[in-house]
Every structure is written in structure tokens, then in C-alpha cells.
Amino acid sequence: MSVQLELGRVGEVVPREDGIPKVTGQFAYSSDLQAAGMLWGHTLRSPHSHARIVAIEISEAVTMPGVHAVLTHEDVPGEKLYGLEFQDQPVLAFERVRYFGEPVALVAAEHPEQARRAAERIRVAYEPLEPIVDAERATESESLHPERPTMGHGYRDDPRPNVVRSLVIRHGDPDAKGDVSVSGVYEVGIQDQAFLGPESGLAVPDGEGGVDVYVATQWLHVDRDQVAPCLGLQPEQVRIHLAGVGGAFGGREDLSMQVHGAMLALHTNRPVKVVYDRQESFVGHIHRHPAKIWAEHRATRDGKLVNVRVRILLDGGAYASSSTAVTSNAASFACGPYAVDNALIESLCVYTNNPPCGAMRGFGAVQVCFAHEAQMDKLAAELDIDPIELRLLNALGPGGSLPTGQRVTGALPVAEVIRRAAALPLPEPEELPRDPLRVPGGSGNTTRGEGVKRGVGFAVGFKNIGYSEGFDDYTAARVRLAADGNAEVHCAAAEVGQGVANVILQVARTELGTDDVTLAPHTTATVDSAGSASASRMTWMASGAVRDACRAALEERERNGGGEVDIERIYRHPRTSPLDPETGQTTGERSHVAYACAAMRVVAEVDVELGLTRVVWIGTAQDVGKAVNPQAVTGQIEGGTAQGLGLALMEEIQTRDGLITNASFTDYLIPTTLDMPPVVSELVEEAEPDAPYGAKGVGEPPTVVSTAAVVAALRAATGRDLARVPVRPDEIVGL
Amino acid sequence: MRIELRVNGEPCEADVWAGESLLYVLRERLGYPGSKNACEQGECGSCSVLYDGKLVCSCLVLAAQADGHQVVTVEGLGEDGRLHRVQEAFVAAGAVQCGFCTPGLVVAAVDLLAHNASPNDDEIREALSGNLCRCTGYAKIFDAVRLAAGT
Amino acid sequence: MQEEATTLGAVDVLTPRTLEEALRLKSETPGAVPIQGGTDVMVELNFDRARPPALLNLNEVAALRGWSRTNGRVSLGAGLTYAEAMEHPLAELLPALAEAARTVGGPQIRNRGTVGGNLGTASPAGDALPPLLVAGAEVNVASVRGERTLPLHEFLVGPKRNALAEDELIVGVSVAAGAGRETFLKVGPRNAMVIAVVSLALRVVDGELLAAFGSAGPVPALVRAPLEEASSFPEQVAAAASPIDDVRGTAAYRRHALRILAGRALDRCLA
């Protein structure tokens, strides 16, 4: 056997272009980088979730062996605040700290141990303040951000303290009555991206006042645009280069070590490497928003949804990050992929002193899918209708409308994914006794079959592809054709493991009709922005930009009658519009570009006496538009499903007074090989008319539906409500 | 303090701080960054190496303990410039996404197949249960092991 | 990587080749922390929770390895790994210990983690401890002053505290083997690689029921009752526990689960 590195085109199975370096250990991740004369950076962080900083004393720390720099907020050369969308977060804390683990000071030393010992000698005098940790009371508490950084951006004006964003969608007659009504209150704990490669990077001074930062990130140019002002530099003086990324899932959208490493590098005039350890990683990035959702579904006796009323409360934690967009995403998808004529949706995100939250795979849709799918099952039970029939009866599709008034154009095969997932044959129950690995509790050897019940669950969900609400979302690509026919493609699209590098190469080979294509390093230095590797947008956007640049390059060469060509093109998806701040209705034709949906069926066995679970089998059908690389698509589906399963069963950042109490892989658990069942994936390929090659993004829909589908299976096995995830054994056994 | 060990068959020596792990010394002092620093508490397997022929987490071996011992890392699995069949299978099966867990999983799979040439699915799952992967959901990793085993 | 300009902290590593040398070093440097498989000690070092003046590396002491069988008792070296505890024929002699070993971490941890380390750490969640308790384990410890043996329940004096004097090392542990039937069960929130939320070992021997549980009190504790009390034994076990609420589980759940585990363990051992 040998690996055939087929130089595939769009639609073909193509092994990863970085596969061989990754299996041999040669691939350079951000934590692997070294440079001559390199120092180690270390971040001193707040042990409090809320405190006033009375004084910071560094005089002893700077004298410690091997130490080259100790920096505080006073040393930030430019803007003291940064943020992905709103400048509300200090580069280094001053006056007060608002969350546990907030960066307070930096050290650069010759060995990481010297940096740690020096950090220990930085004396920070804190005056602890009462932390705001109850999101339900945040709007009645003292304001953590009196300057209200997120207000005045076209959002509804909500004068209460600590409002990050408040959105109300009124659709049709929000008081419309049905024949029946079901209600529920649902809760979602804080999930962490738990990418395996901790935050890390290397900052190298360029000797002319500028800096190169090699970092694992999701969006090179927006990093640059945040880093440069904090350093007091022009954007071109800061070059962000993509180092190998050990997973992202939203957690690398915000800055981590970028400004800190650059500050230390510029201050010491030495390369500085910063590598978080696992404990630090848990406070080093934002998390998925915990949510509380109150839902009421009103329907006719024959099962048609009449009115859906939902109230969503998201805890944004201490800083805004991308919370405003999560707030509106949760609202737009709160009813699920169903046609609903009337709705009242209130979505509120608040500041607290809990861990900051922002982007994570599924981005607001995960939380509401858990709620709307529980509600649909409840409604089916109330009406004694088959739950899959109920979903088909209400399935949204082209021509239908979202609660925001946006009419669905393009492809949205909700009924088709439901039918295809429902048609997948279920595995037969296995005989007992079995090896402990094949029963709930796994290697723990807790049952030989006692207490084990089987349940089957179903869920469907959807989510937007690309950025929404009027954001100017674009991707640049640059193509250089050499005289000998070789093509070099530049695109700053972050390869975070999802496979966008292959997509770029496949598109370039397809468009140029040659296999002689290379992909240049991802950097801000040679090409304009690609936008973020998030919102399931990168395949669509990079395909569009690379396609357009390739076609333009061929035309240019044709015009010139041959020779070298170097051309850059910007691709934009169809323009979106903001939501009306008073009604939540779209102010143009669309506020979202497009959607992707998925349906999933789960078989689980639950030990109902111990509350332990074994998910036996998962079958799913997903709307992918066009599978650019089918192997990579099923890989995204399997991996995305695992993350949703983790949220359903085990994953939660726990806090006490805002302090994270399980910041380790010993106590923040993610699924192992014994927790993930086989996943059967059906790809529903209905081309998206606006998308290059008809291809939609595929990363998020599996995560959106799998939490809901797994818990549905648990409910079927146990007969319990299970209205909170992760489901705790206590709830299964009824404690 | 000074330690001497063999890494991928090559004699190596390094001056280490006594508190350093084998993982740190491999990555930062000996030029073998293939073993990964994902959790440094033995909970993820990304730093897996063969230590005197046994599968271990190199983050949990004190560097000084490795003095006089043999270590095989992911960089040392291929022969004559060719990939190990497990490495080939990981690429072919699509078992790699971000790849941060991959070196540890490749080493663990090599160790499994060395002891059990044709493992069944349960045996594969148990043998890899000390290795976390956040990207793939494991399905294609199991495919890769089956492919490498020829089962 | 450049040479450090200055020396680093004062951690030292001592690597004895014989037990005698190890005992001498421990006597000379009582603050030296023994390290065998490193699965606990290295986490403390990697996360900057401990900076002991010295580490006593026991990997090269051959006398601490392996196991032997004499006079109806099985002696396990302190350096016996979990992987070795799962191997034939030891797994047949001490099936509950083998079952417990299978629940420990992943293969990498089982290849390095040792029974002696589990005793030394003396965690309430130590997976080897309940099977050893129901097997009547006696811990052999030694120092330059000599050897002594003490029952495991006396050795475990509190959460993460044991009865070792500062100059003593754990040499091994001996248990009564091959008597009666026994099993081990462990509850964790996922199906591999978990710290016990609660665990239970049960042995039925000579008309007596012996149960020991983990993660349900400050130390793994032993509960005994005559066979005739089998029907009330799960309640007795649950009642003997003094669990707490923590990030891994609630006290109420632990007590509940212990009752279920004890009932299932009895079914297995009395079947």
C-alpha cells in the first residue's frame, strides 16, 4: 500500500495536502516554533473573577534570574483595549479585573521555569469585589461596563445595566393561539472548544520597529487590525503568519497571545514564544455561551405550528467578543427549521463576571436547537403524532419565511434530510452479556446488563452559512501564473484542520486545468483578508475568491498572449441587511446569506439506575450543497457530531463565584474512543445557487443537531425530561 | 543535569533542568517536536512515545528518568525514508484533520498492531482510549487502523 | 535553544540502583519525593503545583518490580504497573485488581502507573485501593531503620495522606489471593479515562462480605458483614460512605450509586 496523493478536482476524494507532514511529526504547529535567541513569555493572570487592582509591584520580579522583561498595562504602547467587534477588553488589566484568569502582567525569560518563578514575584494588590455570576440578575446589578461599548451599533437600545445585546423579534401575531400548547425551560452549560493544540505563538521583532507574529488563529487580518493599534503601529508593521493550528472551533477567533508576545518581543528585541498550558488554555479563550431558554409552542390539533414564543438568556461573561452576533443567531434559529407564521422571540445577552463567551461551532444555534427539538418531541407526545411526521409537517423550505421575515431562497432541503435520516436502518439490539466496553459505563465494569434501556432519538436543525446582518464579508485570493505554467495561490484562509487548504487547491486545479498548483503560506503580508475560518463560510468564500482569481488570471494571460500573471480578486457573497432594532425584522431581502440543515437519529443505551450512557449508533443526513471533498465532509460530520455528543453527555466548564473549578482534561471531559459510536452519514447534495460549485459549509450543522438528538435518545430510554445539558447522572436516576 | 538517551536509535545527550519532562526535552532541546504538548497531564495521549518499547505519555516521564533509556517518537517510525504503514493509512483514510493528536495516535496504533496484528473493533477502541481527538470523532482513525492491519 | 544564562530552581533528581541505596538517599534527603510511573508526580511538576527539593527516581530499583506468590499470599512490588496487574496469571489470582487496573486512564497510564504510586498518593479515588482493601492487603514499608508491615486501612490515614515516616519508602503490598469471588466496579461520566466518581470492590470469602469503596469518603474504606446480611449489605455500604459534592459528582449521587454497585457486585459474586 502507498498513499496516492491524487491531485483532485472539485468533488473528488483528495488526501490532505498536509497529511504526510502531520503523520510524521514534521508539521510545524504554533507551539513547535523556535528562533535563535528566543525567550519564553508567560502571562500572570487574575485569581479573582472580580476585583479592583490597587497596585502592581514588579520590582522584585525584574531582578529574578533569566528575566528580560516584566510588563504591565503601563507598558502597552498603544490602545489599551481591544476586541473582536467592540473594544471592551484590556490588553492587560488596569483598575479592575472582570474575570478569572484575566491577563494582568507579562514576563519574558530564558526558560519557562524562570518566567514562572518571576511571575510569582509580581505583587498585585487586589481588592476583591462581589462578582456578578447570576445572568438572570445581571441587568439589576452594578454595570461592569458603564461606557456600554456594544450600544449605538444599530441594536435595540436597552438601558438596563450589563446588556450586551437585547433583540426582540415580532413575527405575525405574537399572541396567536393554538389548540394545544407545550412549554419548557431548557438550560445549556458552558462548553469549551477544547482544541488539543493550546494557544501559542512566536513573535519576532523585525529590527525596524515592526513585528512578525506566527500564531494559530482563525482570521489573520482581524488579528492584525487588533494587534497593530495596541502596539501603536501601522497595520503593515505587524505581519500575522499562520502557524500550524491544533484545532479551533471558534476558540481562536479572539486574540490570545498575539499582543502579549509582540509586546515582549518589541520590548526585549528578541523572539518570544508563548505557549499556554492546558489549565491556562481554559481561561485563555472564550467559550460557548451558557443559556437558559423558556419556550412555548402553540399548534393546531393536527400538528401545525401556530405560534412559537421563546425567551433566550445568554451569559456573555466579562467581555463582548462576538456575543452580539450569537444573540441574534440564537434568535433567528430559535424556532428551528420549521415554518411558523407567528412568533415572539426575545434574546438577551448579558455581561457577568463569568468566563467570557463567544464563538463556538454552532454559534447560538446549538443552544436553541436543544430547546426547539425537545419542544417538538413534547408537542408530538401531546398530540400523539409521530415526532418525525410532526417535523415533516412543519418543515421549512424554499419559499417559507424565517421569524425575521426573511424569505428562504436557495437550497434548504429540510424535509429531505428528515426523510433520509429517518430511513436509515437502525442497528439490532446486541445480545447480553457483552464485554464491559459495549455497555453503558464502559471500562468501569458497572453493569452486565442490569438497568440498561435502549432509546432512539431524532433531531433536526439548521444554521446560517457566512456572516449576517449587513457585515461586509469578503475573501481575497491572489493567483500568480509563472511562465512555465506553475500556479501559486495566495489566500489567507486559515487552515485550522477543516481542510480549506485542500479546497483551495482543488478549486485552483479545477479552474486552471492543471495539477501544477502550489499554495503559498497563509499570511497578511502578501494578500488581503480571507475573513474568518468560522460560520461554516470558508469553503464557500475561499472557493469563490480562488475561482474568480484563477479565471481572471487565465483571462489576463490570454490577453497578454502568455507570460507571467499576478492577480488578486475579492469575492463577496450576496449582501445581507441588518435587523430592524425595534421589530427584529430584516431591513432588506435577507439578513442571512444561506443555511444548511441536518437531521440526526441516535440510538443510545442508558443504565437508568446509574445514569450512565453508551451511544450505540448515529445516523445523519446533512444538506451540504455540493461535497467538494466527500471524505473531508464526512470527517467534519463525524467530528462535529462528537462535539455535540460531548455537550449532551459530559462537557461543562464549572464555576464557583466565577472561578473555573475544572480547568483540566482530568475534569473537563471530552469524548474518548469508547464514547463515540459509528456515524452513518448521508450527504444531501442540492446545489446552493449563490455558492461557487453549489457548495455549502458543513462544519456546524452536525454540532447543532447532535446534542439535541443524543438527549432525545436519552429521554426515550429513561422517560425523563432531561431539560439541561450536559445531562448529569443525577437527573437520569431522579435525584 | 546531563542525560544521555537514544531517540529513534540515535544517541542523544542534553543538559536539562531537573524538573523537565521527557516531552519538553524531546521538543525543546533535542529537536523532536513531533510529540505534542496538548495536556501535559496524561489525559490526551498526544505526547505518546515508545519508551523502552512500551507506550507511554512522555509528559509523565521525568527527563532524568529517561537517562540510559530508549525512546521512539513519531519521527522515528518510518524506515528508509518511507512512511510506516500506519502513517500511510492515516493519510489515506482521512484520519487527520488538525493533526495535533495524530502523532500520539499513530504511535499508539503502531504499538497496538505490534502486539495484535488483526485487532477487532473493541480492541482498537480500547487500545486508543488514552488518545483524545477533538476533530474527527475517531471514525476515520478506526478506519485507518483497520486499513493498516489489512482487516 | 540557547543556554540558560543562569541556573534554574533547586530541584534535584536522585536515581538509586538498589533498594538499599534508595533507602539511604531517602534517609539523607527526607524531602525527596519518590517518583515511579510519574502519573501523579509529573502532573504536579508540569502544572507548577509542586517544586520539591529533590525527586527520588525509583525506576532503576529492580527489587521494587514484579510480583511473587508465597504461602497463599501474593506479594506485589511497589513498581508493579496496572498493565502488569491485568496480565495472566496475576489477573486470575486478583481479578478485582485486574478489573480496577483496566479502568485506570488509558494504556499509556497503565503502562507507567504503579500500585506503589497509588498507595503513596493515597487518593480517595485511587483505583487499586478498594480491591487491595477487600483482599486484606498489608503494606510493606522500609527505611534505613528497618522494615515494617501495616494493614492498608491503617496505612491510609486521610485524603492524600499515608502513614509513611519521612524516611520510609513503600516496598510492596501483599494480599491473600485466590480466596472467594471478587469484582470491581467504577462509575465515571464517560466510558474510559475517568477518575472514579465512586467505585466499589467486593469480595465474598468464608461466609463473609467485604466491600471497599473509593471516592465516597476521605479514604477508601472497608465494610464487612456476614454473608447472611447480603440483602441489607448495599444499604450498609451506602451508609458507611461519607461522600461530598465536588466537580465530579454529588454526594447524593455517590451514595445512591454505591448502593446500586453493591447490589450488582453481590449478584456477580453470589451467582
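Residues numbered from 1 in each chain as written. Chains lettered and ligands numbered in written order. Predicted model: local features only at pLDDT ≥ 70, side-chain atom pairs only at ≥ 80, totals over all residues. Heavy atoms only, no water.

**Student:** Would you explain the packing of helix H4 (residues 220–231) of chain A against helix H5 (residues 258–268) of chain A in this entry?
**Tutor:** The axes of two packed helices give the description: the angle between them and the distance between them. Residues and elements named next belong to chain A. Contact geometry of H4 with H5 gives a least axis separation of 10 Å together with a crossing angle of 45°. Considering their axes alone, H4 and H5 lie oblique with respect to each other. Crossing hand, H4 versus H5: right-handed. Contacts from Asp223, Val227, Cys230 and Leu231 of H4 reach H5 at Gln258, Val259, Ala262, Met263 and Leu266. When the residues that make up the contact of H4 with H5 are grouped by side-chain class, the tally is seven nonpolar, one polar and one charged. (Axes fitted to C-alpha atoms, helices over the stretch in contact; angles between N-to-C directions. Helix = DSSP H or I, 4+ residues; strand = E, 2+ residues; numbered from the N terminus. Parallel < 35°, antiparallel > 145°, perpendicular 65-115°, else oblique. Left-handed = near helix turned anticlockwise from the far one by under 90°. Contact = heavy atoms within 4.5 Å. Nonpolar A, V, L, I, M, F, W, Y, C, P; charged D, E, K, R; others polar.)

**Student:** Where do I start with helix H3 (residues 112–120) of chain A in this structure?
**Tutor:** Structurally, the α-helix is built with 3.6 residues per turn, so residues lying three or four positions apart point the same way. The buried fraction of H3(A) amounts to seven of the nine residues, a majority that puts the element mostly inside the structure. Its buried side turned inward, H3(A) meets strand S1 (39–45), helix H2 (59–62), strand S3 (67–71) and strand S7 (103–109) of chain A together with helix H1 (22–29) of chain B. (Buried < 20%, exposed > 50% of the residue type's maximum accessible area, 1.4 Å probe, protein only.)

**Student:** Help me out: how do you make sense of the interface of chain C and chain B in this one?
**Tutor:** Accessible area lost on assembly of the parts is the figure often given for the size of an interface. Chain C puts 33 residues into the contact, and the matching count from chain B is 34 residues. Between chain C and chain B, the buried area comes to about 2700 Å², and carbon and sulfur atoms account for 56% of it. There are two salt bridges connecting chain C and chain B. The biggest single contributor to the side of chain C that touches chain B is helix H6 (residues 107–112) of chain C, with six residues. Looking at the side of chain C that touches chain B, its residues break down into 14 nonpolar, 11 polar and eight charged. (Buried area = accessible area lost by both parts, 1.4 Å probe. Salt bridge = Lys/Arg side-chain N within 4 Å of Asp/Glu carboxyl O.)

**Student:** Sorry if this is basic, but what is going on with the domain arrangement of chain B here?
**Tutor:** Residue and element names in this part refer to chain B. Domain boundaries assigned for chain B yield domain 1 (2–76) and domain 2 (85–149). Computed from C-alpha atoms alone, the centre-to-centre distance between domain 1 and domain 2 is 21 Å. Counting residues at the interface gives 15 residues for domain 1, matched by 12 residues for domain 2. Together domain 1 and domain 2 conceal approximately 1100 Å² of surface at their shared face, both sides included; 65% is due to carbon and sulfur atoms. Here domain 1 is connected to domain 2 by three residue pairs in polar contact (both at pLDDT 80 or more). At three residues, strand S3 (residues 48–51) tops the list of elements feeding residues into the side of domain 1 that touches domain 2. (Domains from an automatic or database assignment. Polar contact = N/O pair within 3.5 Å; in protein donor to acceptor, adjacent residues only side chain to side chain.)

**Student:** It is not clear to me how the side chain of Arg614(A) should be interpreted in this structure. Could you clarify?
**Tutor:** Among the secondary structure elements, Arg614(A) is positioned in strand S24 (residues 612–623). Relative accessible area serves as the criterion here: at 10%, Arg614(A) is assigned to the buried category. Separated by 3.1 Å, the side chains of Arg614(A) and Glu430(A) make a polar contact. Within polar-contact distance, the side chain of Arg614(A) engages the backbone oxygen of Arg438(A) at 2.9 Å. Excluding anything up to four places from it in sequence, Arg614(A) contacts Glu430(A), Arg434(A), Leu437(A), Arg438(A), Val439(A), Pro440(A), Ala604(A), Glu605(A) and Asn191(C).

**Student:** Even after reading the chapter, I still don't get the pairing of strand S17 (residues 342–351) of chain A, so can you show me in this structure?
**Tutor:** Where a strand is regular, its side chains alternate between the two sheet faces. Residue and element names in this part refer to chain A. Among the 10 residues of S17, nine are classified as buried, and the element is accordingly described as predominantly covered. In this sheet, S17 lies alongside strand S9 (residues 163–171) in antiparallel orientation, the contact comprising eight bridges. Bridge pairing in S17 links arginine 165 to cysteine 349. Relative to S17, strand S16 (residues 305–317) is paired through 10 bridges, and the arrangement is parallel. In the sheet register, arginine 309 faces S17, and the bridge partner there is leucine 344. Regarding topology, helix H7 (residues 323–332) serves as the crossover connection from S16 to the parallel S17, and that connection is right-handed. (Pairing = 2+ DSSP bridges. Right-handed = clockwise from strand over helix to strand, strands pointing away.)

**Student:** Got a minute to help me understand the sheet that holds strand S5 (residues 70–72) of chain B in this structure?
**Tutor:** Sheet strands pair by backbone hydrogen bonding; their relative direction is either parallel or antiparallel. Residues and elements named next belong to chain B. What the five strands build is an open sheet, ordered S2-S1-S5-S3-S4; its pairing is mixed. Either end of the sheet is taken by a strand with one partner, and the two such strands are strand S2 (10–15) and strand S4 (54–57). Within the sheet, the average angular offset between the axes of one strand and its neighbour, ignoring direction, is 40°. Bridge count for strand S1 (residues 2–7) against S2 is six bridges, and the pairing is antiparallel. Paired with valine 7 across the strands is glutamate 10, a residue of S2.

**Student:** I keep staring at the interface of chain A and chain B and nothing clicks. Help me out?
**Tutor:** With 65 residues of chain A at the interface, the matching set in chain B holds 56 residues. Regarding the contact of chain A and chain B, the summed buried area is about 4600 Å², with carbon and sulfur atoms giving 57% of it. Taken together, the links from chain A to chain B amount to six salt bridges. With its nearest N and O atoms 2.8 Å apart, the salt bridge here joins Arg27(B) to Asp32(A). Scanning the region where chain A abuts chain B turns up 33 residue pairs in polar contact (both at pLDDT 80 or more). Looking at the side of chain A that touches chain B, the elements that each hand over two or more residues are helix H1 (19–24), H3, strand S14 (272–275) and helix H13 (630–649) of chain A.

**Student:** Is there a simple way to think about H1(B) in this case?
**Tutor:** Residue and element names in this part refer to chain B. Most of H1 sits inside the fold, with seven of its eight residues counted as buried. Restricting attention to buried positions, one finds in H1 the residues Leu22, Leu23, Tyr24, Val25, Leu26, Arg27 and Glu28. Of the residues one or two after H1, glycine 31 is the one with positive phi, at around 80°.

**Student:** Sorry, what's going on with the nonpolar core here?
**Tutor:** Side chains of nonpolar character tend, in soluble globular proteins, to be buried together. Counting 166 residues, the largest nonpolar core has Ile312(A), Leu714(A) and Phe90(B) as its most contacted members. Counting residues per element, this core draws most heavily on helix H8 (residues 365–383) of chain A, which supplies 11 residues. When near neighbours in sequence (up to four residues on either side) are disregarded, Phe90(B) contacts Val23(A), Ala95(B), Val96(B), Thr102(B), Leu105(B), Val106(B), Ala109(B), Ile141(B) and Ala144(B). Counting residues in hydrophobic clusters, the runner-up holds 78 residues, among them Ala203(A), Val227(A), Val496(A) and Tyr571(A). (Core = buried A, V, L, I, M, F, W, Y, C linked by side-chain atoms within 4.5 Å.)

**Student:** I keep staring at the packing of H13(A) against helix H14 (residues 701–718) of chain A and nothing clicks. Help me out?
**Tutor:** All names here are of chain A. It is the contact of H13 with H14, at a shortest axis distance of 7 Å, that shows an interaxial angle of 50°. When the axes of H13 and H14 are compared, the pair comes out oblique. For the pair H13 and H14, the crossing hand works out as right-handed. Judged by residue contacts, Gln636, Ile637, Gly640, Thr641, Gln643, Gly644, Leu645, Leu647, Ala648 and Leu649 of H13 engage Pro702, Thr703, Ser706, Thr707, Val710, Val711 and Leu714 from H14.

**Student:** Just checking my understanding: could you explain the pairing of strand S11 (residues 181–187) of chain C for this structure?
**Tutor:** All names here are of chain C. The buried fraction of S11 is high, at six of seven residues. Summarising the sheet, S11 and strand S12 (residues 198–205) pair through seven bridges and their orientation is antiparallel. Bridging across to S12, leucine 185 finds its partner in leucine 200.

**Student:** Is there a simple way to think about the packing of aromatic side chains in this case?
**Tutor:** In this description, a pair of aromatic rings is defined by centroid distance and the angle of the planes. Taken as a whole, this structure holds 15 aromatic pairs over all chains when the rule is applied. Between Phe27(A) and Tyr29(A), the aromatic rings sit 4.8 Å apart at their centres with planes inclined by 70°, giving edge-to-face as the arrangement. The same class applies to Phe27(A) as to Tyr29(A), namely buried. On the basis of an interplanar angle of 85° and a centroid distance of 4.9 Å, the ring pair of Tyr29(A) and Phe100(B) is categorised as edge-to-face. Taken together, the residues span two chains, with Tyr29(A) in the loop between H1 and S1 and Phe100(B) in the loop between helix H2 (85–92) and helix H3 (102–115). Residue Tyr29(A) is classed as buried on the basis of its relative accessible area of 2%. Looking at Lys22(A), its charged tip hangs above the ring of Phe27(A), at a distance of 4.7 Å from the centre. A cation over a ring is seen here: Arg252(A) above Phe195(A), with NZ or CZ 3.9 Å from the ring centre. (Phe/Tyr/Trp six-rings, centres within 6.5 Å; stacked < 30°, edge-to-face > 60°. Lys NZ or Arg CZ within 6 Å of the ring centre and 35° of its normal.)

**Student:** Before we go on, may I ask you to explain the sheet that holds strand S4 (residues 67–70) of chain C in this structure?
**Tutor:** Residues and elements named next belong to chain C. The antiparallel open sheet is built from five strands, whose spatial order is S4-S5-S10-S6-S7. Every interior strand has two partners, whereas the edge strands, S4 and strand S7 (146–151), have only one. In this sheet, adjacent strand axes meet at a mean angle of 25° when their direction is disregarded. Direction of pairing for strand S6 (residues 138–143) relative to strand S10 (residues 169–176): antiparallel, over a ladder of five bridges. Within the sheet, the bridge partner assigned to valine 139 lies in S10 and is valine 173. Strands S6 and S10 of the sheet are contacted by helix H1 (residues 19–28), whose axis makes an angle of about 125° with S10.

**Student:** Help me out: how do you make sense of the pattern of salt bridges in this one?
**Tutor:** It is possible for side chains of opposite charge to pair when their charged atoms get near one another. According to the stated counting rule, one finds 78 salt bridges over all chains in the structure shown. Residue Arg148(A) pairs with Asp157(A) through a salt bridge whose shortest N-O separation is 3.3 Å. Here Arg148(A) falls in the partly exposed class, since its relative accessible area comes to 27%. Linked by salt bridges that have partners in common, Glu113(A), Arg116(A), Arg117(A), Glu120(A), Asp48(C) and Arg51(C) make up one network.

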